[in-house]
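Given next are the chains, with one letter for each unit.
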Amino acid sequence: MPDSPELDSLFLRLYFDRHIIARLATDLRGRGFDVLRTEEAGNDTASDEDQLAYSTSANRVVLTFNTGDFANLHEQWIAESRSHAGIIVSRQLGSREYGNLLQRMLRLLNELTADDMINNLVHLERFK
């Protein structure tokens, strides 16, 4: 994918919280998506606030199972007029539900752009 501001506003660049299974990153990368895991960024033990700050500075959308804490962070940042690149939350799915997780992510990535995600919190369950 060429480096261009126009494409940057279209394609989501993802940042996976530490509880997201590595297989999802591998499968999405295999389909051409840009995915970074917290472990790869050296942020595995960073606080949720630090994770959101990092993902924002890297222009990446966070995917997390930590719905409550990230929903609170989203509200806090919006109230403080702080911008973030976006947050995707999901209920935690077991390994037997992996196919559902992958399919929902692919639907989301097909429907939403990076611009759509700015300052938004999106529930992955919406993409059944």
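Please read these numbers as outputs of a predicted model, since none were measured by experiment. (Residues numbered from 1 in each chain as written. Predicted model: local features only at pLDDT ≥ 70, side-chain atom pairs only at ≥ 80, totals over all residues. Heavy atoms only, no water.)

Colleague: Teacher, can you tell me more about the environment of Asp 115 here?
Modeller: Assignment of secondary structure puts Asp 115 in helix 7 (residues 114-117). You can call Asp 115 partly exposed: its relative accessible area is 46%. Note: C-alpha distance between Asp 115 and Asp 48 (67 residues apart in sequence) is 22 Å. (Helix = DSSP H or I, 4+ residues; strand = E, 2+ residues; numbered from the N terminus. Buried < 20%, exposed > 50% of the residue type's maximum accessible area, 1.4 Å probe, protein only.)

Colleague: Would you explain the side chain of Ser 55 in this entry?
Modeller: With respect to the helices and strands, the residue Ser 55 is situated in helix 4 (residues 48-57). Beyond its immediate stretch of four places on either side in the chain, Ser 55 contacts Tyr 15, Arg 60, Val 62 and Ala 85. (Contact = heavy atoms within 4.5 Å.)

Colleague: Would you explain helix 4 in this entry?
Modeller: Given 3.6 residues per turn, any residue in an α-helix points the same way as the ones three and four places further on. Among the residues of helix 4, Gln 51, Leu 52 and Ser 55 are the ones counted as buried. Along the long axis of helix 4, the arc covered by the buried residues comes to 95 degrees, so they all point the same way. Looking at the buried residues of helix 4, the elements they touch are strand 1 (13-16), helix 3 (38-41), strand 3 (61-64), helix 5 (67-79) and strand 4 (87-89). Count one or two residues on from helix 4 and you reach Asn 59, which has phi positive near 55 degrees. (Arc of directions from axis to C-beta.)

None of the figures reported here should be taken as evidence of function without further support.
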